[in-house]
Amino acid sequence: MKKFVALVGTNTKDATNRKLLQFMKQHFAGQADIELMEITGLPMFDKPQDMHVPDRAQAMAKEIDAADGVIISTPEYDHAVPAILMNAIEWLSFGIHPFADKPVMIIGASFGSLGTSRAQEHLRQMMDAPEVHARIMPSSEYLVGQSLKIFDDEGKLNDTEKVAQLEALFADFQQFVNISKELWHSTQVDKELLDNRNNIKA
């Protein structure tokens, strides 16, 4: 059974993006081990001159390294991802590179009717940056709009079409992870290049 880290892309207490990941954890329990990861507890990124990475970021990186893949659920704030998610990704690409060649699935929920299309596009650009170098699953936009109405009292998605779409995308993600494992030739080279960039920066 594969192990996935599910990154909650917000620090909002009752976030529907957290509910979406919690639903996935329960719904796909027989297919994969999905563990939610909060992005709180990190200081504001300030590119420290001593290249010190906070213990919290190092612990998060260790869990991501050990996972077969990462699922990120993001809300949309003014056509972009939340600042706290950007901050987490900054720390997770500064001197450490847990996302390098790591399969990533991007999803999102929002209160509005349009979902998180632009935030997901923004996040794809970030995750594709040279310092992050993730492998993002293509053609996999999953948009949950009107998210305040789509979960029942038990935290389950009450839209059967959305559930069916999520099941299909998750099956594709599992296959994407399998395919990514065959693309190992460049992984070590990529990580060495990232380490060399860090040495130049330092």
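Engineer: Help me out: how do you make sense of helix α4 (residues 117-127) in this one?
Structural biologist: Note that an α-helix has 3.6 residues per turn; residues three or four places apart therefore point the same way. Taken as a whole, α4 has its buried residues at Ala119, Gln120, Leu123, Met126 and Met127. What you see down the axis of α4 is that its buried residues fit within an arc of 115 degrees, all on one side. Along its buried surface, α4 packs onto β3 (69-73), α3 (83-91), β4 (103-109), β5 (135-136) and β6 (143-144).

Engineer: Before we go on, may I ask you to explain the pairing of β4 in this structure?
Structural biologist: Successive residues of a regular strand alternate their side chains across the two faces of the sheet. Of all seven residues making up β4, seven are buried, and the element is well covered by its neighbours. The two faces of β4 match: Pro103, Met105, Ile107 and Ala109 on one face and Val104, Ile106 and Gly108 on the other face are all buried. Each parallel crossover has a hand, and for β3 linked through α3 to β4 it is right-handed. Summarising the sheet, β4 and β5 pair through two bridges and their orientation is parallel. Note that in β5 the partner of Pro103 across the bridge is Arg135. Sheet analysis places β4 next to β6, joined by two bridges and oriented parallel. The residue of β6 that forms the bridge with Ala109 is Val144.

Engineer: Whenever I open this one, the packing of helix α1 (residues 16-27) against helix α5 (residues 160-181) confuses me. Can you help?
Structural biologist: A pair of packed helices can be characterised by two numbers: the angle between their axes and the separation between those axes. α5 packs onto α1 with a crossing angle of 70 degrees between their chain directions and a minimal axis gap of 12 Å. Considering the angle they form, α1 stands roughly perpendicular to α5. Relative to α5, the crossing made by α1 is right-handed. Here α1 contributes Leu20, Phe23, Met24 and His27 to the contact with α5, which in turn contributes Val163, Leu166, Glu167 and Phe170. Looking at the contact of α1 with α5 residue by residue, the class counts come to six nonpolar, one polar and one charged.

Engineer: Is there a simple way to think about the pattern of salt bridges in this case?
Structural biologist: With the rule as written, the count across this model stands at six salt bridges. Where Arg135 meets Asp101, a salt bridge forms, and the shortest distance between an N and an O atom there is 3.9 Å. With Arg135 in strand β5 and Asp101 in the loop between α3 and β4, this residue pair connects regions lying 34 residues apart in the sequence. A relative accessible area of 15% means that Arg135 is categorised as buried. With a relative accessible area of 9%, Asp101 lands in the buried category.

Engineer: Honestly, unusual backbone geometry in this entry has me stumped. Any pointers?
Structural biologist: When glycine is set aside, most residues are seen to have a negative phi, and most peptide bonds are trans. Positive phi, normally seen in glycine, also occurs at Asp78, with a value near 50 degrees. Assignment of secondary structure puts Asp78 in the loop between β3 and α3. We classify Asp78 as exposed; its relative accessible area is 79%. Look at Ser139: it is not a glycine, yet its phi comes out positive at around 50 degrees. Residue placement: Ser139 occurs in the loop between β5 and β6. Accessibility expressed as a relative area gives 78% for Ser139, which makes it exposed.

Cut-offs applied
Residues numbered from 1 in each chain as written. Predicted model: local features only at pLDDT ≥ 70, side-chain atom pairs only at ≥ 80, totals over all residues. Heavy atoms only, no water. Buried < 20%, exposed > 50% of the residue type's maximum accessible area, 1.4 Å probe, protein only. Helix = DSSP H or I, 4+ residues; strand = E, 2+ residues; numbered from the N terminus. Arc of directions from axis to C-beta. Contact = heavy atoms within 4.5 Å. Right-handed = clockwise from strand over helix to strand, strands pointing away. Pairing = 2+ DSSP bridges. Axes fitted to C-alpha atoms, helices over the stretch in contact; angles between N-to-C directions. Parallel < 35°, antiparallel > 145°, perpendicular 65-115°, else oblique. Left-handed = near helix turned anticlockwise from the far one by under 90°. Nonpolar A, V, L, I, M, F, W, Y, C, P; charged D, E, K, R; others polar. Salt bridge = Lys/Arg side-chain N within 4 Å of Asp/Glu carboxyl O.

Don't take any of this as a statement about function, it's just geometry.
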